[in-house]
Amino acid sequence: MVFNSPISSEKADRIIQLLGLTSKDRVLDAGCGCGEFLIRLCERSGAHGLGVDKDLQSIAAAREAAKDRISGTQCEFRNADITNVPLEPHSFDLALCIGSTHAYGSGDAAYPNTIDSFLRLVRAGGQLLIGEGYWKRDPAPEYLRLIGEPVGIYRDHSGNISFAEQHGLVPLYAAVSNDDEWDHFEWSHRMKMERQAVSTVADPAAAEKLERSRRWRDMARRSTRPGEAGDLGVPSNQRRSRRAVSGGLAWSFRGAGRCQEVER
Ligand SMILES: C[S@@+](CC[C@H](N)C(=O)[O-])C[C@H]1O[C@@H](n2cnc3c(N)ncnc32)[C@H](O)[C@@H]1O
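Criteria and cut-off values
By convention here, each chain's residues receive numbers from 1 onward along its written sequence. Totals for whole chains, interfaces and linings use all residues, but because this is a predicted model, local features are given only for residues with pLDDT of at least 70 and pairs of side-chain atoms are given and counted only at 80 or more. Numbering of helices and strands starts at the N terminus; helices are DSSP runs of H or I of at least 4 residues and strands are runs of E of at least 2. Here, residue contact means that the backbone-derived C-beta atoms of the two residues sit within 7 Å. With C-beta atoms placed from the backbone, the exposure class of a residue follows from how many other C-beta atoms lie within 10 Å of its own: 20 or more, buried; 12 or fewer, exposed; in between, partly exposed. Only buried residues count toward a nonpolar core: Ala, Val, Leu, Ile, Met, Phe, Trp, Tyr and Cys, linked into one set through C-beta atoms within 7 Å. By definition, a residue lies near a molecule or strand provided its backbone-derived C-beta atom is within 6 Å of it. Residues are grouped as follows: Ala, Val, Leu, Ile, Met, Phe, Trp, Tyr, Cys and Pro are nonpolar; Asp, Glu, Lys and Arg are charged; every other residue, Gly included, is polar. The predictor attaches a confidence to each residue, and that confidence, scored 0 to 100, is pLDDT. The arc in question is traced by the directions running from the helix axis to the C-beta atoms. Between any two strands, at least two bridges found by DSSP are needed for them to pair. If the strands point away from the viewer and the path from the first strand over the helix to the second runs clockwise, then the crossover is right-handed.

Participant: Which residues make up the overall build of the protein chain, and what values do they have?
Facilitator: The helix and strand inventory of the protein chain stands at nine helices and seven strands. Taking contacts inside the protein chain between residues at least 6 apart in sequence as the whole, the part at least 24 apart equals 70%.

Here is the structure:
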């Protein structure tokens, strides 16, 4: 799994190109996971990066992935809770957060808090890139029960964009994850968990994690592809139209040209 989010390499590359960064720019990736997006961005643009994630294994993987591609001085990966990292106000040209807004708060506070924090960190005229979930349709109650609190995913795609506009941001670009990206994301996760379970000795915590992952993926599959006969089958249009629930990330970056004028 290249990204821990439903985004293809092609889409990530396109967005990186559209950001138009140069070696003079400084980038924050909040909840960077294994760092692939930030590493690519730094590789292609020469920009300087800071990636922060609270998961130690992810940060170790990010450092390992970066080491033959960019220098340690160009990009730093820090293992920390992003909300505890002291960062100079308006010191970044781009702040990005892909699938990680829950780092800034739970439930419907996640997305607004991320925007607020980023407005304090990005320079006037800088950019924000936020990958935020949204429901395409109202989720089934049993799906919500399974995933626990629906983290920050209360708006629709258009609502995510409007909300940022209301905070003084200018939308520059938006894209959503497609079915293929979601399938790859969900199934890669499931495959990883299944393979780990085979290769590790009996561990009750791992078994519980696997069981939860199985229920989650199955529920997601049933909810998003109702009526599909087989996992490998190509759904007919009719079946597709019966889709009940899906999530998608709005890959939106928003010009923060007026961020210092925002009253709060
Ligand atoms: C769905 S993953 C996305 C990772 C990465 N952005 C990507 O797209 O591949 C969410 C990440 O947010 C991180 N995270 C959650 N809360 C955090 C916090 N308070 N501070 C830093 N990282 C956090 C998790 O450890 C996880 O790696």
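Further notes follow.
Participant: Report on helix 2 (residues 36–45), specifying residues and quantitative values.
Facilitator: A large share of helix 2 lies buried, amounting to eight of its 10 residues. Among all positions of helix 2, only Glu36, Phe37, Leu38, Ile39, Arg40, Leu41, Cys42 and Ser45 are buried. Those residues of helix 2 that are buried lie in contact with helix 1 (9–19), strand 1 (26–30), strand 2 (48–53), helix 3 (56–66), strand 3 (75–79) and strand 4 (92–98).

Participant: Any chance you could break down the nonpolar core for me, citing the residues and the numbers?
Facilitator: Judged by nonpolar contacts, the single largest core of 46 residues is most densely connected at Val27, Leu38, Leu41, Leu94 and Ala95. Those residues in contact with Val27, other than ones at most four positions away along the chain, are Leu21, Leu38, Leu41, Ala47, His48, Gly49, Phe92, Asp93, Leu94 and Leu96.

Participant: Give a description of the site of the ligand that names residues and reports values.
Facilitator: Around the ligand lies a shell of 19 residues, among which Asn4, Ser5, Gly31, Gly33 and Ala103 are the nearest. When its residues are assigned to classes, the shell around the ligand shows six nonpolar, nine polar and four charged.

Participant: Quick rundown of the confidence of the model for the protein chain? Include the residues and the values.
Facilitator: With 79% of its residues at a pLDDT of 70 or more, the protein chain has an overall mean of 80. Here residues 225–264 is modelled with pLDDT under 50, and outside its nearest four sequence neighbours on either side it reaches 93 contacts, counting other chains as well.

Participant: Talk me through the environment of Asn113; I want residue IDs and the actual numbers.
Facilitator: Inspection of the secondary structure assignment puts Asn113 in helix 4 (residues 110–121). A sequence separation of 10 residues divides Asn113 from Ala103, and the C-alpha atoms of the two residues are 9.3 Å apart. Every residue in contact with Asn113, bar those within four places of it in the chain, is listed here: Tyr104 and Gly105.

Participant: I'd like a rundown of the environment of Ile7, residues and numbers included.
Facilitator: Tracing the backbone shows Ile7 in the segment before helix 1. For the pair Ile7 and Ser177, spaced 170 residues apart in sequence, the C-alpha separation works out to 6.2 Å.

Participant: Could you give an account of the environment of Arg137, naming the residues involved and the relevant values?
Facilitator: In this fold, Arg137 is placed in the loop between strand 5 (122–135) and helix 5 (141–147). Sequence-wise, Arg137 and Asp156 are 19 residues apart; in three dimensions their C-alpha atoms are separated by 8.6 Å.

Participant: Give a description of unusual backbone geometry that names residues and reports values.
Facilitator: Backbone geometry places His90, a non-glycine residue, at a positive phi of 50°. Relative to the elements of secondary structure, His90 occurs in the loop between strand 3 and strand 4. Its 16 C-beta neighbours within 10 Å are what place His90 among the partly exposed residues.

Participant: I'd like a description of helix 1, backed by residues and values.
Facilitator: Within helix 1, the full set of buried residues consists of Ile15, Ile16 and Leu19. The buried residues of helix 1 all sit within an arc of 100° when viewed along its axis, so they share a single face. Opposite the packed face of helix 1, turned more than 90 degrees from it, sit the exposed residues Glu10 and Gln17. Among the residues trailing helix 1, Gly20 stands out with phi positive, at a value near 65°.

Participant: Describe in detail the pairing of strand 2, supporting the description with residues and values.
Facilitator: Of all six residues in strand 2, six are buried, a share of seventy percent or more. The side-chain alternation of strand 2 yields two buried faces, one formed by His48, Leu50 and Val52 and the other by Gly49, Gly51 and Asp53. Sheet analysis places strand 1 next to strand 2, joined by five bridges and oriented parallel. Bridge pairing in strand 2 places Val27 opposite Gly49. Handedness of the β-α-β unit built from strand 1, helix 2 and strand 2 comes out right-handed. Where strand 2 and strand 3 come together, five bridges link them in parallel fashion.

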